[in-house]
Each structure stands twice: as C-alpha cells, then as structure tokens.
Amino acid sequence: MQSSLIPVESALEQMLEMATKPPRVESVALTQAAGRVLAEDLFSSINVPPADNSSMDGYALRYSDRLAPLPVSQRVAAGHPPTPLKPGTCARIFTGGEIPDGADLVVMQEAVTMTAFDDVVVPDSIKQGQNIRPAGQDIRKGDLIISAGTRLDYRHLALIASIGVPMIKVYCPVKVAILSTGDELVMPGNCLAPGQIYNSNRYLLQGFIESLQAEMVSFVQVSDSYDVTLSALKKASEQADLILSTGGVSVGEEDHVKPAVEALGKLSLWRLAMKPGKPLAFGKIDQALFLGLPGNPVSSFVGAHIFVAPLLAKLSGLQRSSTEKLTGVVNFSASTQVRQEYLRVRAVWKDGQWQLDLHPNQNSGVLSSVVKCNALAIMPPRTEVSPGDHLDFWLY
Ligand code: AMP
Ligand code: MG
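None of these values were measured; they are calculated from a predicted model.

### Things to note about the sheet that holds strand β18 (residues 266-270)
Neighbouring strands of a sheet are bound in pairs by backbone hydrogen bonds; such pairs are parallel or else antiparallel.
Okay, so step 1: Spatial strand order, β16-β13-β17-β21-β20-β18: 6 strands in an open sheet with mixed pairing. Two strands lie at the open edges of the sheet, namely β16 (215-222) and β18, each paired on one side alone. In this sheet, neighbouring strand axes are inclined to one another by 20 degrees on average, regardless of whether the strands run parallel or antiparallel.
Okay, so step 2: In this structure, strand β13 (residues 175-181) lies alongside β16, joined through 7 bridges in parallel fashion. The residue of β16 that forms the bridge with T181 is V222.
Okay, so step 3: In the packing of helix α1 (residues 8-18) onto the sheet, contacts are made with β18, β20 (281-285) and β21 (288-293), and the angle to β18 comes to roughly 155 degrees.
Okay, so step 4: Packing against the sheet, helix α6 (residues 297-315) makes contact with β13, β17 (242-246), β20 and β21, and its axis sits at approximately 165 degrees to β21.

Right under this line is the structure:
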C-alpha cells in the first residue's frame, strides 16, 4: 500500500477493479420491478401491435371500392375480431379495432357522408393505408427491447407489459452495511450531553445508497474502541457486499478503523489526494468491499458522490453510471495545491451557460452548505481559477 497521496481517478479505478462480485439474480413481478436493474436482454416474442388496427373511429374499406356508395356489412370494435370484408361493402370501425381482411384503409367518420340508404360515401382524397396502424409498428417479433444492465423505470415497465411479460429477471439489490464511529455521536431523538453531537452521516449514507436502490442490511454506531470496531466490521463483512464506515480512519489515537480492517482483511488504498476527504480508506474483508469515509459530514458527502455511486453502479450490474459532468463559468477565485478539490457551489443556468457561485464556507464540517448548494465543482490539483474561467461540475 502506498504512503503518498493517491490521485482520485486512479483510486476510483482500483476500487472498481476490485468490485468484481457478480450481482445475484432474482425473478420479480413487473409490479415490483420499478428501480431494479434488468439482468437479461429482453426480446419480444410478439409484434406490437399484434395486428393491423384502426387509429380512428370511421369506416374500413377497399381502396378499389372507393367510388361507389358502400353499405356497412359489419361493426368492428376494439377487442372484437372482424370477419373478412365482403367486396363492395365497408366496415364500421372504432379506434383499436382490427382491420378486416381485404380492407386497406380507414376513413375517419367526420370525413364521410351517408346516402338516404345509410350507405357510406367517401371523399376523393383518400389514400391506401391511411389511418391503419400496421402490425409490428411499435415492436417487431424478435426485437431487443431493453438490454441487461438498464435501470427500469415506469417507461420500461410499460414497454415490457406491452409485450406481455409478467415476470423479469433483475439483479438483487446491493447489500450495504453502515458503520458510524465516534464516542461523541448520539442519534436524533436523544438529548445531547456535553461533548456530544448528533450522528448525521448515518442518514446521509442510508439516504444516498437507498436513492441508488441499494439495501441497508445493517447499521451500527460504535465507540472509539479497537475491539468494538473490529467485531462490528467482522459482523458487517458477513452480511454485506459493501461496508461503508464514517470516521475513525485518520491517524489519531482514537482512529481504530484502519488497523481493524488490516487485521481482518486487506487495506488497498489509504489517503487520497482530495479535499475534502483525504483520510479515505478502501479494502476488503472476506468477500465484502470496505470503504472508510472520513467523519466530517461534507467529506462523507463528497466521498459518497465520487466513490460510492460508481461502486454501487458496478455492484448492481448497471451498464452505465448516471453521473455526467457539466461545465460552468465561475464568478470566484480559487487555487489548489497537491489535492483535487471539490467545491460546494450553486449552479444556475443563466444567459445560455451554467454559472457557478461559491459557497462562502468550504469547511468540511459545514453540512448546511451541501443543502444550500446544488453542485460540486471539481478543481484539479495545482489549478487556479478567477472569474470567467471554466470548471467541470456535477449537479447533485
Ligand atoms: P473523524 O474522522 O472520526 O476524526 O471525525 C471527523 C469529524 O467528523 C469529527 O468532528 C467528528 O465529530 C465528525 N463526525 C464523525 N462521524 C460523524 C457522524 N456520523 N455524524 C456527524 N459528524 C461526525
Ligand atoms: Mg472519530
């Protein structure tokens, strides 16, 4: 393991390389599948629509019969199959009704006139095929409709329903164990004794991973004790695919996470060239990946965005992670040294571009800045920006 600061990009690359455990697969009903990741390529075994049908309420006829008044020989409503169309007649048809064999166009009802004998006279302007939705217009039998690795939302579910599939194979949610360390931590709902603060990171991480459809399988808050930390980590490694801890990962006498991980498994990365979030650790305990985030709430927040999101994406079988970088113009001055910095900014679309306002307090303990802002601007090491310069950023 290196002792110098590790650049963020190479750290993330190493983490993703170690995230090799293939996700488990289960079958779920379509009604339970929103937000899940599809585990199979889905092909259609039918045409959609299955048969030619009318896109209008009107009359179906043969183009070659168009010149004479046409008696109505049948009535075709949606859901009721027609009989072949008798030559020299037309069919009363409603939207979604199947086109009778022989008919090759539909005239909308507003466009026809009726004779005294209730025969139908159609206008001159009609064309073959008009107002017919052909079989397979939406999906053809054999088409790939959704690829494995797609996160399913209501649009996908509707499309899958349209090919008549009630159950699908999806990846099981990634199991995450969350561990908060710190003698000072108290859960909301309790009174603060002198020296104590409320545990906010637990809510940050649980909310974050659940927004990415992972499942929190355990949560523990541990005191700053090596033995307690060791046994909590051991237990977490038996339950989870990914252990997320906060705090206790620095070099203070009260920081027990790093030695505990080294005793139980392997620590592969420690101390990254980033701000906030330098004392970040990554490794493995048995089959579980371990990511130790620093305790400062903003450090945990930044670490979650940079590392937890892509790790969960890979572990969940997602084909693509959705964090897309944008570029904006800054209206502030800033400079960095050896670490890549993540600045809390407010991004506003104005005058045809993203404009980035810096939050005045970039201290990693100032969690309110995360709520007041909506983006993290990325300042590479050894950069300087002044008003008018550009920076990449993520909207969160
Ligand atoms: P540590 O990384 O353990 O040295 O913690 C760094 C700072 O983050 C300290 O001021 C801790 O009190 C604070 N901190 C650690 N864990 C949490 C937490 N779960 N919620 C809020 N603040 C925390
Ligand atoms: Mg601590």
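Back to the write-up after that little detour.
### Comments concerning the site of ligand 1
Okay, so step 1: The environment of ligand 1 is formed by 14 residues, the closest being E184, N199, S200, G248 and G295.
Okay, so step 2: Between N199 and ligand 1, the recorded distance is 2.8 Å, taken from a side-chain N or O atom to a nitrogen atom.
Okay, so step 3: Backbone polar atom of G248 to an oxygen atom of ligand 1: 2.8 Å apart, as the coordinates give it.
Okay, so step 4: Across the complex, the protein chains shield 76% of the 480 Å² of accessible surface that ligand 1 would expose by itself.
Okay, so step 5: Split by residue class, the shell around ligand 1 holds 4 nonpolar, 9 polar and 1 charged.

### Overview of helix α5 (residues 257-264)
Okay, so step 1: All of the buried residues in α5 are V257, K258, A260 and V261. The buried residues of α5 occupy one face: seen down the axis, they fall within an arc of 165 degrees.
Okay, so step 2: In this structure, the buried side of α5 is in contact with β13, α4 (226-239), β17, β18, β20 and β21.

### Some details on α6
Okay, so step 1: The principal kink in α6, of about 45 degrees, is found at A304.
Okay, so step 2: Among the 19 residues in α6, 18 count as buried, and that is most of the element.
Okay, so step 3: The first or second residue beyond α6 is G317, which carries a positive phi of 85 degrees.

### Quick notes on the nonpolar core
Okay, so step 1: Counting residues in hydrophobic clusters, the biggest one holds 40 residues, and the most contacted among them are V176, L291, F307 and Y342.
Okay, so step 2: Listing elements by their share of this core, those giving two or more residues are α1, β13, α3 (201-211), β17, β21, α6 and β26 (375-379).
Okay, so step 3: Per element, the largest residue contribution to this core is 11 residues, and it comes from α6.
Okay, so step 4: Two domains share this core, each providing at least three of its residues, namely domain 1 (8-24 + 173-315) and domain 4 (326-395).
Okay, so step 5: When near neighbours in sequence (up to four residues on either side) are disregarded, V176 contacts I209, A214, E215, M216, V217, S218, A240, L242, L244 and L312.
Okay, so step 6: Grouped together as the second largest cluster of nonpolar side chains are 18 residues, V222, L233, V249 and L267 included.

### As for the domain arrangement of the chain
Interfaces are often sized by the amount of accessible area the parts lose when they come together.
Okay, so step 1: Assigned domains of the chain: these are domain 1 (8-24 + 173-315), domain 2 (26-47 + 141-171), domain 3 (53-133) and domain 4 (326-395).
Okay, so step 2: Counting from both sides, the interface comprises 5 residues of domain 1 and, opposite them, 6 residues of domain 2.
Okay, so step 3: When residues of domain 1 are sorted by the area they lose upon contact with domain 2, R24, P173 and Q213 head the list and together hold 72% of the total.
Okay, so step 4: If you look at where domain 1 meets domain 2, you find 0 salt bridges.
Okay, so step 5: Taken together, the links from domain 1 to domain 2 amount to 1 residue pair in polar contact (both at pLDDT 80 or more).

### Thoughts on the pairing of strand β24 (residues 340-350)
Regular strands show a simple pattern: their side chains alternate between the two faces of the sheet.
Okay, so step 1: Pairing between strand β19 (residues 274-275) and β24: 2 bridges, direction parallel. Counted as the bridge partner of K275 is E341 from β24.
Okay, so step 2: Where β24 and β26 come together, 5 bridges link them in antiparallel fashion. Along β26, the bridge assignment pairs V345 with A375.
Okay, so step 3: By the bridge criterion, 6 bridges tie β24 to strand β25 (residues 353-358) in an arrangement that is antiparallel. Across the sheet, V348 pairs through a bridge with Q355, a residue of β25.
Okay, so step 4: Once β24 ends, the chain turns through 2 residues before running back antiparallel as β25, passing D351 with a positive phi of about 50 degrees.

Analysis parameters
Residues numbered from 1 in each chain as written. Chains lettered and ligands numbered in written order. Predicted model: local features only at pLDDT ≥ 70, side-chain atom pairs only at ≥ 80, totals over all residues. Heavy atoms only, no water. Pairing = 2+ DSSP bridges. Helix = DSSP H or I, 4+ residues; strand = E, 2+ residues; numbered from the N terminus. Axes fitted to C-alpha atoms, helices over the stretch in contact; angles between N-to-C directions. Contact = heavy atoms within 4.5 Å. Near = heavy atom within 4 Å. Polar contact = N/O pair within 3.5 Å; in protein donor to acceptor, adjacent residues only side chain to side chain. Areas by Shrake-Rupley, 256 points an atom, 1.4 Å probe, with all protein chains shown as cover. Nonpolar A, V, L, I, M, F, W, Y, C, P; charged D, E, K, R; others polar. Buried < 20%, exposed > 50% of the residue type's maximum accessible area, 1.4 Å probe, protein only. Arc of directions from axis to C-beta. Bend = angle between axes of the 7 residues up to and from the residue. Core = buried A, V, L, I, M, F, W, Y, C linked by side-chain atoms within 4.5 Å. Domains from an automatic or database assignment. Buried area = accessible area lost by both parts, 1.4 Å probe. Salt bridge = Lys/Arg side-chain N within 4 Å of Asp/Glu carboxyl O.

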